[in-house]
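Each chain, letter by letter, is given below.
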Amino acid sequence: MTETPSWSAEKWPIAPPSEADWLYELCGDGSTGFMPPALPDAAWVLHAMYEHVSAPVEATYDDLDKGRVDAGRIDPRIVAHLRSDDIFLTGEHPGSDWRRLRWSELAERTGDPLVPEGQYPSRNCFPSARKENSWPVSIWAPDEGCLDRPSWNRLIDILIAHSPDGPDTRSMAHHGLMDLLMGCSDVDLSGDDVIKIVCAGHLRDAKSLYDSPYAECNPANLFAADRSWITCTDIDLWATKVVGPPTLIKALLHDDEIEAIRIPWKH
């Protein structure tokens, strides 16, 4: 696994917010992320979920929290992890005791569709995997509004491979209002003028955006300066939409590392 480069203000300087005006004209409000239509094609990169390597557990987070289940009956590695101070850092792999649980695997197990018809990929997915809307403690659900770091890094590699200028492709990162509110930045949000922040850089440095001070993880939008492709990670969703040329979308759908799907009703 290649090391993620460090984020720096020199590599991603602030650009005029007007650089994202065309997205507002295309998509409307972008406070939770500009969600573009297929241009001309689109796929959704599913945010990773994880399952503990021990046998699946029926007890839910709610069961444990409300004392309905004796913690001593649950694998102690799970209990210790749940009680640790750094429980599942947003977007990061939770550790060697946890494995990637593919959406397709959980769908086969539960009989649920990957995404309920007519809906976005969100907390409405996999109702059969939950009890009273609470997940088993052996499963870590996808992060909402955050593409996991391994998938983000792989996405950047694929974007580089399908951009005419490769790693030198000029790109823009858009951090919307919700990014800024959820992030750990020092940006002053007290005024009415701060709606979004746009940073300009090169695709070769885009992996480092995961550690930008303007959001908890990846930006709401990343797009090529020539507008040939756009990504959108909406703060409320469990998947990142990627729109662009058919060759790019085909590469995402057939990649061994990324789990990507088409959602016809959200194309």
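Nothing here was measured: the structure is a model prediction, and the numbers come from that model.

1. Observations regarding helix α5 (residues 149-161)
An ideal rise of 1.5 Å per residue puts 18 Å on 13 residues; α5 measures up with 19 Å between its terminal C-alpha atoms. For α5, the secondary structure elements touched by its buried residues are β2 (41-46), β4 (98-101), β8 (221-224), β9 (230-232), β10 (239-244) and α7 (246-253).

2. What about the packing of α5 against α7?
A pair of packed helices can be characterised by two numbers: the angle between their axes and the separation between those axes. Two elements in contact, α5 and α7, have axes whose closest approach is 10 Å; the angle formed by their N-to-C orientations is 145 degrees. Considering the relative orientation of α5 and α7, their crossing is right-handed. Of the residues in α7, those in contact with Leu-155, Ile-158 and Leu-159 of α5 are Leu-248, Ala-251 and Leu-252.

3. Focus on α7
At 3.6 residues per turn, the α-helix brings residues three or four places apart onto the same side. Taken as a whole, α7 has its buried residues at Leu-248, Ile-249 and Leu-252. Angular distribution of buried residues about the axis of α7 spans 95 degrees; they occupy a single face of the element. For α7, the exposed residues set more than 90 degrees away from the buried face come down to Thr-247 and Lys-250. Those residues of α7 that are buried lie in contact with β2, α5, β10 and β11 (260-261).

4. Thoughts on the sheet that holds strand β3 (residues 49-52)
Read across the sheet, three strands follow the order β4-β3-β5 without closing on themselves; strand pairing throughout is antiparallel. Each end of this open sheet is capped by a strand with a single partner; those strands are β4 and β5 (139-140). Pairing analysis gives four bridges linking β3 to β4, with the strands arranged antiparallel. Note that in β4 the partner of His-52 across the bridge is Trp-98. Across the sheet, helix α4 (residues 103-110) is in contact with β3, β4 and β5; its angle to β4 comes to roughly 80 degrees.

5. Here we look at the pattern of salt bridges
Overall, the coordinates contain 15 salt bridges when judged by the stated rule. The salt bridge involving Asp-41 is made with Arg-262; its shortest N-O contact spans 2.7 Å. Of the two residues, Asp-41 sits in strand β2 while Arg-262 sits in the segment after β11, which places them 221 residues apart along the sequence. A relative accessible area of 10% places Asp-41 in the buried class. For Arg-109, the salt bridge goes to Glu-105, with nearest N and O atoms at 3.4 Å. Here Arg-109 and its partner Glu-105 are both found in helix α4, four residues apart, which amounts to about one turn of the helix. One network of salt bridges, in which partners are shared, links Lys-11, Asp-168, Arg-204 and Asp-205.

6. Describing the sheet that holds β2
Overall, antiparallel pairing links the eight strands, which are arranged β1-β7-β6-β8-β9-β10-β2-β11 in an open sheet. Both edges of this open sheet fall to β1 (14-15) and β11, since each of them pairs with a single strand only. In this sheet, β11 lies alongside β2 in antiparallel orientation, the contact comprising two bridges. Considered in β11, the bridge of Val-45 is made with Ala-260. Against the sheet, α7 makes contact with β2, β10 and β11, and its axis sits at roughly 145 degrees relative to β10, the strand it touches most.

7. Focus on the pairing of β3
The two faces of β3 match: Met-49 and Glu-51 on one face and Tyr-50 and His-52 on the other face are all buried. With two bridges joining them, β3 and β5 adopt antiparallel strand pairing. In the sheet register, Glu-51 faces β5, and the bridge partner there is Ile-139.

8. Examining the state of the cysteines
Counted by the stated rule, this structure contains one disulfide. The disulfide bridge from Cys-146 ends at Cys-217, spanning 2.3 Å between sulfur atoms. Taken together, the positions of Cys-146 in the loop between β5 and α5 and Cys-217 in the loop between β7 (197-202) and β8 put the pair 71 residues apart, joining distant regions of the chain. A relative accessible area of 1% places Cys-146 in the buried class.

9. Brief notes about unusual backbone geometry
Here the bond from Leu-39 into Pro-40 is cis, since omega is -5 degrees, no more than 30 degrees from zero. With respect to the helices and strands, Pro-40 occurs in the loop between α1 (21-27) and β2. For Phe-126, which is not a glycine, the phi torsion comes out positive at approximately 55 degrees. Mapped onto the secondary structure, Phe-126 falls in the loop between α4 and β5. For Arg-227, which is not glycine, the phi torsion reads 65 degrees and is therefore positive. Among the secondary structure elements, Arg-227 is positioned in the loop between β8 and β9.

Quick notes on the rules
Residue indices follow the written sequence of each chain, beginning from 1 at its first position. With the structure being a predicted model, the display of local features is reserved for residues of pLDDT at least 70 and the display and counting of side-chain atom pairs for 80 or more, all residues being used for whole-chain, interface and lining totals. Values reported for side chains reflect all heavy atoms of the structure, with hydrogen atoms and water molecules removed beforehand. What counts as a helix is a DSSP run of H or I of at least four residues, what counts as a strand is a run of E of at least two, and both are numbered from the N terminus. How far a helix is expected to stretch is found by multiplying one less than its residue total by 1.5 Å. Throughout, a contact is declared for two residues whenever any of their heavy atoms are within 4.5 Å. To define axes, lines are fitted to C-alpha atoms, for helices over the stretch in contact only, and angles between the resulting N-to-C directions are given on a 0 to 180 degree scale. By convention the crossing between two helices is left-handed if the near helix lies anticlockwise of the far one by an angle smaller than a right angle, and right-handed if it lies clockwise. Classification of residues uses two cut-offs on accessible area relative to the type maximum, computed with a 1.4 Å probe and protein chains only: under 20% is buried, over 50% is exposed, and between them is partly exposed. For this quantity, the arc is that covered by the directions from the helix axis to the C-beta atoms. The pairing criterion is simple: DSSP has to find at least two bridges between the two strands. One side-chain nitrogen of Lys or Arg within 4 Å of one carboxyl oxygen of Asp or Glu is enough to make a salt bridge. The disulfide criterion used throughout: a pair of cysteine sulfur atoms within 2.5 Å.

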